[in-house]
Amino acid sequence: MTNLVLSECGIRPLPRIYTTPRSTFLSNTTTFKLKPSPSSSSSSSSLSFGLNSRNWALNVTTPLTVDPSPPIEEEHETQRFDPGAPPPFNLADIRAAIPKHCWVKNPWKSMSYVVRDVAVVFALAAGAAYLNSWLVWPLYWLAQGTMFWALFVLGHDCGHGSFSNDPRLNSVVGHLLHSSILVPYHGWRISHRTHHQNHGHVENDESWHPMSEKIFKTLDRPTRFFRFTLPLVMLAYPFYLWARSPGKKGSHYHPDSDLFLPKERKDVLTSTACWTAMAALLVCLNFVMGPMQMLKLYGIPYWINVMWLDFVTYLHHHGHEDKLPWYRGKEWSYLRGGLTTLDRDYGVINNIHHDIGTHVIHHLFPQIPHYHLVEATEAAKPVLGKYYREPDKSGPLPLHLLGILAKSMKEDHYVSDEGDVVYYKADPNLYGEIKVTAD
């Protein structure tokens, strides 16, 4: 009625203004169009108006339907990645993505790495003994300790059977390498197999698995001090070999340990005998060369090797910026447990310790030789998607990992006694207790 009166008076009515709904217009420089609402049954609804004329009235062909859904940005925020959710792929999908040649084991190539590392070990020892300078010894300790760790990794490949397809060759080389650095080969091999078969399981995992809150609270203060204080915790491996982790019983040296089956008794005895022979050889060399010389040549590099071993193995299962899940009961599976492991970049050390930092694919498929792990990882990334966490790029030396380690020691103390998908929690009073005890 108002428009009729104005028209009769020669006055043009004001344009009708429609409120613009959020996130329902797709724009370009000249034309705006309304996306149909998912809940609308009409497929012909459209809305457009031009900006090149002064007529701002909307030309509506059908009633305006406002999309009730929230903005796209808000939808993305609510659909955040859940690392504890079952993955949309299976183990066969990952396996199919890895080139076939990555599964091929070349014993000659594997042995070439053994020859290389052993030659470097003897060359370093001979050079340090010849120079016998306190300017050289610290450099020697770091270099030789790293090479001892490289020997461990090659023996580790023997234990997995990724060194060669010949079990006898794997056993002989594994015993020589591991016994030389005081590791009982079969005892370690069997417990490490348990670790891989149960990775990511709170109770059944064997290596650097979390303590439940109940077990954590039963630890005496000296044990907590040792377990969560740097650098002491990085010296834990020999003690783990003797007595395992808190809450578990047995020894890697004793054939009747809970770690082993009765049929494995002979293997464990063989490895313990080799370990004893190496220990006896070191004692004899102490008499021949003197304890101080043996400490410099072997003792300190041995403990550097232990620190490397604990450092690397801990960070492959801890310290991600996002808390990663641990599982129990029906929520655990081999695939979900393996996907909680982490790759790490160690700079120039990657080649020295045989790309052990490519840990996710190694954990899922330990049969792949170390010299194919990088290629296999790259091939599997498209399948893994967000379940693969790209490691932080390292400088020449992996100094960036020291901060990650320290942070994890302060935050990753125990997991809940209940629940099948659990995450690490921190004890806020832990370091207060340690300080009081230390004083």
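Small disclaimer: the values here were computed from a predicted structure and weren't measured.

Criteria and cut-off values
Residues numbered from 1 in each chain as written. Predicted model: local features only at pLDDT ≥ 70, side-chain atom pairs only at ≥ 80, totals over all residues. Heavy atoms only, no water. Helix = DSSP H or I, 4+ residues; strand = E, 2+ residues; numbered from the N terminus. Buried < 20%, exposed > 50% of the residue type's maximum accessible area, 1.4 Å probe, protein only. Contact = heavy atoms within 4.5 Å. Areas by Shrake-Rupley, 256 points an atom, 1.4 Å probe, with all protein chains shown as cover. Phe/Tyr/Trp six-rings, centres within 6.5 Å; stacked < 30°, edge-to-face > 60°. Lys NZ or Arg CZ within 6 Å of the ring centre and 35° of its normal. Core = buried A, V, L, I, M, F, W, Y, C linked by side-chain atoms within 4.5 Å. Axes fitted to C-alpha atoms, helices over the stretch in contact; angles between N-to-C directions. Parallel < 35°, antiparallel > 145°, perpendicular 65-115°, else oblique. Left-handed = near helix turned anticlockwise from the far one by under 90°. Nonpolar A, V, L, I, M, F, W, Y, C, P; charged D, E, K, R; others polar. 1 Å grid on protein atoms, 1.4 Å probe; cavity = no way out; pocket = protein on both sides within 12 Å on 5 of 7 lines; lining within 4 Å. Points joined across faces, edges and corners; volume = space filled by probe spheres on them.

Asker: Lay out the overall build of the protein chain in plain terms, naming residues and giving numbers.
Answerer: The secondary structure content of the protein chain amounts to 18 helices and 6 strands. Buried residues in the protein chain amount to 44% of all 439 residues. Considering only contacts within the protein chain whose residues lie at least 6 apart along the sequence, 69% involve residues at least 24 apart. Taken as a whole, the protein chain presents about 23800 Å² of accessible surface, with 62% of it coming from carbon and sulfur.

Asker: For unusual backbone geometry, give the residues involved together with the corresponding values.
Answerer: The step from Leu230 to Pro231 runs through a cis peptide bond, and the omega angle for that step is 0°. For Pro231, the location among the structural elements is in the loop between helix 9 (221–227) and helix 10 (237–243). Here the phi dihedral of Asn132 falls at roughly 45°; this positive angle occurs in a residue that is not glycine. For Asn132, the location among the structural elements is in the loop between helix 4 (107–131) and helix 5 (137–160). Judged by its relative accessible area of 43%, Asn132 falls in the partly exposed class. Backbone geometry places Leu182, a non-glycine residue, at a positive phi of 60°.

Asker: How would you sum up the packing of aromatic side chains? Please name residues and give values.
Answerer: What characterises a pair of aromatic rings is the spacing of the ring centres plus the angle enclosed by the ring planes. Overall, the coordinates contain 22 aromatic pairs when judged by the stated rule. Between Trp208 and Tyr314 the ring centres are 5.0 Å apart and the planes differ by 85°, which places this aromatic pair in the edge-to-face class. On the criterion of sequence distance, the pair formed by Trp208 in the loop between helix 7 (185–197) and helix 8 (213–218) and Tyr314 in helix 12 (residues 291–315) is long-range, its members being 106 residues apart. In this pair, the class of Trp208 matches that of Tyr314, namely buried. Residues Trp242 and Trp275 carry aromatic rings whose centres are separated by 6.0 Å and whose planes lie at 90° to one another, so their mutual orientation is edge-to-face. One end of the pair, Trp242, is in helix 10; the other, Trp275, is in helix 11 (residues 265–289), and 33 residues separate them in sequence. Overall, Trp275 belongs to the buried group, its relative accessible area being 18%. Aromatic ring contacts, followed pair by pair, group Trp149, Phe152, Trp188, Tyr237 and Tyr240 into a single cluster. Against the face of Phe216 rests Arg224, its NZ or CZ located 4.5 Å from the ring centre.

Asker: Outline the nonpolar core, listing residues and values.
Answerer: If you look at the biggest cluster of nonpolar residues, it comprises 49 residues, and the most contacted ones within it are Trp149, Phe152, Tyr237, Tyr298, Trp308 and Phe311. Here this core takes 11 residues from helix 12, the largest share from any one element. Setting aside residues no more than four positions away along its own chain, Trp149 makes contact with Asn305, Trp308, Leu309, Val312, His353 and Ile356. Ile98, Ile361, Ala380 and Tyr387 belong to the second-largest nonpolar core, a separate cluster that totals 17 residues.

Asker: An account of the packing of helix 5 against helix 12 is needed here, citing residue identities and associated values.
Answerer: Where helix 5 meets helix 12, the axes come as close as 7 Å, and the angle between the chain directions of the two elements is 55°. With respect to their mutual orientation, helix 5 and helix 12 come out oblique. For helix 5 against helix 12, the interelement crossing comes out right-handed. Facing helix 5, whose interface residues are Trp137, Tyr140, Trp141, Leu142, Gln144, Gly145, Thr146, Phe148, Trp149 and Phe152, helix 12 presents Gln293, Lys296, Leu297, Tyr298, Ile300, Pro301, Tyr302, Ile304, Asn305, Trp308, Leu309 and Val312. Classifying every residue of the contact of helix 5 with helix 12 gives 16 nonpolar, 5 polar and 1 charged.

Asker: Residues and numbers for empty space enclosed by the protein, please.
Answerer: Enumeration according to the criterion identifies 2 cavities of 30 Å³ or more in this entry. Counted as a void, the second largest cavity has a volume near 40 Å³. Grouping the amino acids of the lining of the second largest cavity by side-chain chemistry returns 6 nonpolar, 1 polar and 2 charged.

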